[in-house]
Amino acid sequence: MEIIYLIFILFLSGAIATFLLGKVSKRLRDIAFITTLVVPSVLFFTQINIGQTVDFSVLGIHLSWGITNFSYIFAYIVLGLGVLAGIYAVAAMKGKENLGFFFFNYILSIMAMMGILFSRDLISFFVFWEIMTWSSYLMVVFTGKDVQKVGIKYFIFSAIGAYAMLMAIVITYSLTGSMMISNLIFAFPDFEFGMQILIPVLLLIGFGVKSAMMPLHVWAVGSYSHSPMAYTAVFSGALSKMGIYGMIIVMAGLVSRIPEGYWFREVIAWMGAITAVGGTLWAVAQDDAKKMLAYSSVAQLGYIIIGIAIGTPLAMLASLFMAILHGMFKGTLFMAVGAIEKQTGTTNFTEVTGLIRKMPFTFLASLMSIIALAGIPPLGGFIGKWMLYESVIGSNHYLLIIVIFFSSTAAFLYCYKFLFGFFLGQEEKEWAHVKEAPAMMVVPMVILAIGTFIFGVFPGLILNPIDAGLQELGYAVTQGRYWEMSVLFNEWGDTVVLQPILYTILAVFVFFLAFVLTKNFKKTRYVSTKDISSSGEIPKEHENLTFSRGFFQPFLRSVEPLMRRKIDPYYNSFGRGMEAIFDFVRRIYTGNGQTYALYVVVFALLLLIFKDRLWG
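The shown structure was predicted, so the numbers you read here are calculated from the model rather than taken from an experiment. (Residues numbered from 1 in each chain as written. Predicted model: local features only at pLDDT ≥ 70, side-chain atom pairs only at ≥ 80, totals over all residues. Heavy atoms only, no water.)

Overview of helix H17 (residues 439-457)
Here's step 1: Along its 19 residues, H17 runs 27 Å from first to last C-alpha, staying within 8% of the 27 Å computed at 1.5 Å per residue.
Here's step 2: Of the residues making up H17, those classed as buried are Met441, Val442, Pro444, Met445, Leu448, Ala449, Gly451, Thr452, Phe455, Gly456 and Val457.
Here's step 3: On its buried face, H17 is in contact with helix H3 (69-92), helix H13 (313-344), helix H14 (360-374), helix H15 (380-394) and helix H18 (460-472). (Helix = DSSP H or I, 4+ residues; strand = E, 2+ residues; numbered from the N terminus. Expected span 1.5 Å × (residues − 1). Buried < 20%, exposed > 50% of the residue type's maximum accessible area, 1.4 Å probe, protein only. Contact = heavy atoms within 4.5 Å.)

What follows is the structure in structure tokens.
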């Protein structure tokens, strides 16, 4: 049996077994769930060879599955994050109802994403894309909160993306007579100009929805914040990358072959910039960590889209590097928020604070991930952002670099808000009982956080596979010297020239660690927000004086004009208009046979009256 078939059989049979075992034993269900994630992942990384394919036919249509250097990059994200978040999920979801259903859809999501990466034809790609969409939709509505508002919005936008993608597939088949992705790329330069614009636009609508590109992003915040945090780590960290994966194929394989593709790229680049700025500003304005991280995910995806649109080798290198790092640090942060929610019952900055001593490992993982998100050396986020800045400047997008730098700088505000709001504020007596999250929740977070440090110091570990994937997409062979595109690396490209900065940062941390350890903790009195006075008045118990309340109001007032316009009202108005049209049409179908007979007579008369114009 082909190992590729075996991997999918294990995923599907494991999902069913996990669901059924949940009705018998919780322990067996959990074991089956973890086993179903781990075993196919081990088989993939040990038994699957790049270039290995299986071919078969369905209803006379040739289909093909196989892995490439390019898709292998995204497999690291899907399986790595999928397994770690799965281990986290067992502890995080403990005590919840319908866990068999949750684990079933979790496994289906991982299987579907791997199916997308394996698909070498458009039919398989679309089928797995729909499985991914449906399983993620069921996760969005799993908690039963705001199903009509959040769930329907996600479903509608996913349907729009799916229909656009399906239309592109049908057009492609009518032009090429083939469903193979490689045949589409090969034949694309010979298409008429109208088709060269229409097909990429349709595909980018589908991929733009999943990658939360503005103005197709409105589903993302509600869906990320309403899904269980154990799944949101995968939702934001891996599933959104399927949109990025498809977008790269379109931009590198199709748009790059259009003579007028420069303007196409400019539009997508600026849409990515707007996504980055808008997501960042709205993230700063949030008091709930779930929504803050959701908007932050939208913003981070905007950076990745900019690099894809610019399309230079360095820009693509930066985008793919950032895609992997985003999966790691954003997955960690969503897990951290899930741990805080489990231990305290809230994710609101104005309600819980001062957790650094209560949840030290969660704080450490959050701190490292925030540093990576902010693009501070020596963690990996710095590498990606630096290369992106270089690529934008090197391609003469000077106005674009100003916008990106503004967004990146503003991101420091919500990074600080996250750390201070949850961990560094004053301790409150109502949270005195809080303890660190279970080990099965903490260990995956710490592993991912450490990974951001390792890839920041030794980026070649993932830049080498990325370089091989880019060559597969048609970029020039670099002879393994891709690092010469950036001033960031040493002459061998295996490490970043950051030793002086790294030593300085470590010295600062060591100094403050020594300062804290030499203090006598027993003699230190921790003051709560109630143990203060203002103008001689002592606050009452119900008064909320946490420093997280009203964070950054002067900044938000200054950028309010940029945040005044929201796309949601326009979508809502369009929806109400369509509803009115449907309501009018519904009145035509009265259910009365005589009315329908009258319609037939009127239609026949119109045909007689206008027959000369219609057929003359």
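Section: the environment of Ala276
Here's step 1: Mapped onto the elements, Ala276 comes out in helix H11 (residues 261-284).
Here's step 2: Judged by relative accessible area, Ala276 falls into the buried class, the value being 1%.
Here's step 3: Taking the C-alpha atoms as reference points, Ala276 and Ala299, separated by 23 residues in sequence, lie 3.8 Å from one another.
Here's step 4: Not counting residues up to four positions away in its chain, the partners in contact with Ala276 are Ala299, Gly302, Tyr303 and Ser407.

Some remarks on H18
Here's step 1: Taking 1.5 Å of rise per residue, the 13 residues of H18 would be expected to cover 18 Å, and the 18 Å separating its terminal C-alpha atoms lies within 8% of that figure.
Here's step 2: Along its buried surface, H18 packs onto H3, H13, H15 and H17.
Here's step 3: Following H18 by one or two positions, Gly474 has its phi on the positive side, about 110 degrees.

Here we look at unusual backbone geometry
Here's step 1: Between Met214 and Pro215 the backbone carries a cis peptide bond, its omega angle lying at 10 degrees.
Here's step 2: Mapping Pro215 onto the fold places it in the loop between helix H8 (193-210) and helix H9 (220-226).
Here's step 3: Non-glycine residue Asn98 carries a positive phi angle of around 60 degrees.
Here's step 4: By the secondary structure assignment, Asn98 is in the loop between H3 and helix H4 (99-118).

Observations regarding the nonpolar core
Here's step 1: One finds Phe44, Phe74, Phe102, Tyr106 and Phe418 to be the most contacted residues of the largest nonpolar core, which totals 192 residues.
Here's step 2: Sort the elements by how many residues they give to this core and H13 lands first, with 20 residues.
Here's step 3: Formed jointly, this core draws a minimum of three residues from each of two domains, domain 1 (1-227) and domain 2 (260-488).
Here's step 4: Beyond its immediate sequence surroundings of up to four residues, Phe418 is in contact with Ala289, Met292, Leu293, Leu333, Val337, Phe349, Ser366, Ile370 and Phe423. (Core = buried A, V, L, I, M, F, W, Y, C linked by side-chain atoms within 4.5 Å. Domains from an automatic or database assignment.)

Overview of the environment of Ile249
Here's step 1: One can find Ile249 in helix H10 (residues 229-253).
Here's step 2: Classification of Ile249 as buried rests on a relative accessible area of 16%.
Here's step 3: Along the primary structure Ile249 and Ile181 are separated by 68 residues, whereas in three dimensions their C-alpha atoms are 9.4 Å apart.
Here's step 4: Dropping the residues within four chain positions of it, Ile249 is found in contact with Phe70, Ile181 and Leu254.

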